[in-house]
Amino acid sequence: MKIVTIGGGSSYTPELIEGLILRKDKLPVKEIWLVDIEAGQEKLEIVGNMARRMIEAAGLPWQVRLTLDRKAALKDADFVTTQFRVGLLDARLKDECIPLAHGYLGQETNGAGGIMKALRTIPVILDIIKDMRQQCPNAWLVNFTNPAGMVTEAAIRYGQWEKTIGLCNVPFSHIEQATSLLNQPEDALFFKFAGLNHFHWHRVWDKQGTEHTAGLLEAIYGGQQLNEGLRNIHQIPFNIEQVRHLGLLPCGYHRYYYLEQQMLEHAVEDFAGYATRAEVVKATEQRLFELYKDPNLKQKPAELADRGGAHYSDAACDLIESIYNDSRKMMVVSTRNNGALSDLPYDSIAEVSSVITSHGAEPLNWGTFPPAARGMLQVMKAMEQTVIEAAVSGDYGAALHAFTINPLIRAGDNARQLLDQLLYAHKKYLPLFSDDIARIEATQADDTRCVDQLLADRRQHQG
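The present account deals with the structure reproduced in this document. Small disclaimer: the values here were computed from a predicted structure and weren't measured. (Residues numbered from 1 in each chain as written. Predicted model: local features only at pLDDT ≥ 70, side-chain atom pairs only at ≥ 80, totals over all residues. Heavy atoms only, no water.)

1. A look at the overall build of the protein chain
A count of helical and extended segments in the protein chain gives 18 helices and 12 strands. For a compact globule of 463 residues, the expected C-alpha radius of gyration is about 23 Å, and the protein chain comes in at 21 Å, within 12% of that figure. Each principal axis of the C-alpha distribution contributes one length, and for the protein chain these read about 60 × 50 × 40 Å. Of all 463 residues assigned to the protein chain, the portion counted as buried reaches 59%. Relative to all contacts within the protein chain whose residues are 6 or more apart in sequence, the contacts with residues 24 or more apart total 71%. Put simply, the protein chain shows about 18,400 Å² of open surface, and 47% of that area lies on carbon and sulfur atoms. (Helix = DSSP H or I, 4+ residues; strand = E, 2+ residues; numbered from the N terminus. Rg over C-alpha atoms; globule rule 2.2 N^0.38 Å. Buried < 20%, exposed > 50% of the residue type's maximum accessible area, 1.4 Å probe, protein only. Contact = heavy atoms within 4.5 Å. Areas by Shrake-Rupley, 256 points an atom, 1.4 Å probe, with all protein chains shown as cover.)

2. Considering the side chain of E279
With respect to the helices and strands, the residue E279 is situated in helix 12 (residues 277-292). Within the structure, the side chain of E279 is placed 2.7 Å from the side chain of T276, a separation counted as a polar contact. Aside from chain neighbours lying at most four places away, what touches E279 is L93, Y274, R458 and Q462. (Polar contact = N/O pair within 3.5 Å; in protein donor to acceptor, adjacent residues only side chain to side chain.)

3. Thoughts on the nonpolar core
One finds V80 and L341 to be the most contacted residues of the largest nonpolar core, which totals 107 residues. No other element matches helix 5 (residues 111-135), which puts 11 residues into this core. Residues contacting L341, with those up to four places away along its chain left out, are A194, G195, A350, V352, W366, G367, F369 and L377. In this structure, Y12, V64, L304 and L319 belong to the second largest nonpolar core, which totals 44 residues. (Core = buried A, V, L, I, M, F, W, Y, C linked by side-chain atoms within 4.5 Å.)

4. Here we look at the packing of helix 4 (residues 88-101) against helix 12
Direction vectors running N to C along helix 4 and helix 12 enclose 160°, while the axes themselves pass 8 Å from each other. Our classification of the angle between helix 4 and helix 12 gives roughly antiparallel. Along the contact surface, helix 4 presents L89, D90, R92, L93 and E96, while helix 12 presents R277, A278, E279, V281, K282 and E285. A per-class count over the contact of helix 4 with helix 12 returns 4 nonpolar, no polar and 7 charged. (Axes fitted to C-alpha atoms, helices over the stretch in contact; angles between N-to-C directions. Parallel < 35°, antiparallel > 145°, perpendicular 65-115°, else oblique. Nonpolar A, V, L, I, M, F, W, Y, C, P; charged D, E, K, R; others polar.)

5. Let's talk about the packing of aromatic side chains
One pass over the structure, following the stated rule, counts 9 aromatic pairs. An angle of 80° between the planes, with centres 5.5 Å apart, marks the rings of F199 and W201 as edge-to-face. Like F199, the residue W201 is buried in the burial classification. Summarising the aromatic geometry, the rings of F199 and Y257 are spaced 5.1 Å apart at their centres and angled 85° between planes, so their arrangement reads as edge-to-face. Placement of F199 in strand 8 (residues 199-206) and of Y257 in helix 10 (residues 255-258) is noted, with a sequence separation of 58 residues between them. On the basis of relative accessible area, F199 is assigned to the buried category, the value being 1%. (Phe/Tyr/Trp six-rings, centres within 6.5 Å; stacked < 30°, edge-to-face > 60°.)

6. Notes on helix 5
Here helix 5 spans 36 Å end to end across 25 residues, near enough to the 36 Å set by a 1.5 Å rise per residue. Along its length, helix 5 shows its largest kink, about 30°, at T121, and proline P123 lies within four residues downstream of that point. With 19 of 25 residues buried, helix 5 is to be regarded as a mostly interior element. (Expected span 1.5 Å × (residues − 1). Bend = angle between axes of the 7 residues up to and from the residue.)

7. Side note on the pattern of salt bridges
Scanning the model with the defined rule gives 27 salt bridges in all. For K282, the salt bridge goes to D90, with nearest N and O atoms at 2.4 Å. Here K282 is found in helix 12, whereas its partner D90 is found in helix 4, with 192 residues between them in sequence. D90 gets classed as partly exposed once you look at its relative accessible area, which sits at 39%. D95 is the partner of R120 in a salt bridge, and the nearest nitrogen-oxygen pair spans 2.8 Å. A residue pair is termed long-range when its members are at least 10 positions apart, and R120 in helix 5 and D95 in helix 4 qualify at 25 residues. D95 shares its class with R120; the two are buried. Residues joined in a network through salt bridges with shared partners are E153, R157, D347, K381 and E384. (Salt bridge = Lys/Arg side-chain N within 4 Å of Asp/Glu carboxyl O.)

8. Digging into unusual backbone geometry
Residue P147 is bonded to the preceding N146 through a cis peptide linkage, with omega at -10°. Tracing the chain through its elements places P147 in the loop between strand 5 (140-143) and helix 6 (148-157). If you check the backbone angles, N183 has positive phi at about 55° while not being a glycine. Position of N183 relative to the elements: it lies in the loop between helix 7 (170-182) and strand 7 (189-196). Taking relative accessible area as the criterion, N183 reaches 69% and is therefore assigned exposed. One non-glycine residue, H198, adopts positive backbone phi at about 60°. For H198, a relative accessible area of 4% translates into the label buried.

Following this line, the structure appears as structure tokens:
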């Protein structure tokens, strides 16, 4: 088996290597290729050497190859995993700080930041698919590049790569919380998730057929035991009456929509203290890569949990193992809806509990949601598909419409100003919007100057 990881210089890579090592008896791995871009070469070398030490310590004959040549890496691959960030962490900083400067939530996958990340990322995933079509036409594409749902939908709808499955670690965190509270192992419980990436709900049963959703709801949100394992977001307590009304366990990311003002206030505090999530992660990554340089380090360090990516290896490696061996493991993945959620278009991408087979994911039927969830879900899907359209076409009107639809962005002149400033800030990675960016630069000198000053201030504070 040949596995290729695009974004191989990521700090997450040791977790992926650990996951493969743990499944050495189920996966006949021969080669692992770690691919990155020139700007990530130093990290690629550090992580690649760390991966080699881990594999050697496990006594395995696997070859680890490092390259900046994506096409060469993809030749005859069996599985391609993607974990890249267009623009690196500096782009995330812009996604968070520029909206916050306007009084909007800034976040990696939600609101204006999530839209901008999709606009930068989707053209790249489509280019990767073009290379895969030439180099490894039978390979599976396993995507955990955020925003995972939109990237997966673009890969399938516009890239027409049917063998694509998207992954996220958030469901694993909720599963871990439930097993802890119920004091039962995961295989003694049945979990059913449905919705979109970072916008799902779930239910839980035991082997006797007893549903524990309501009890967990009270234990977690009535008693506010908020240890969801989500390091990316501030865990403000939900309004218990609202959660009881729906009768479903929410995704931790629903706080951005149910508790927008409180989450915004907390984000503004972090912004004022130069402690946005991007800035925290950047410092964490610096520490991690110093650890990875140690020639005596041969296993994933505990500090990696601070990065916020716990369970990624379990998700990716379980998926690869289940496809390769037709294990039919139950997993929560982003895949074609195929009628599982009657409230979403049949051919759209949903994040849903699915059986993973050798031919891909078979989603479990969920049916319909109560009106309080259905309306939000359909708005979010419409927003996602409009973002994808903008990313593929470079249509400014589509991008502005996506900003208008998104619940975390107030429509009007402020939304347009925010879009323009973000397009300008990310101009290097948005060639399809070059004409609009040229217009912005020619007519909005004061706004572009404000963006430059804001980013210069953040860089200066980082030293």
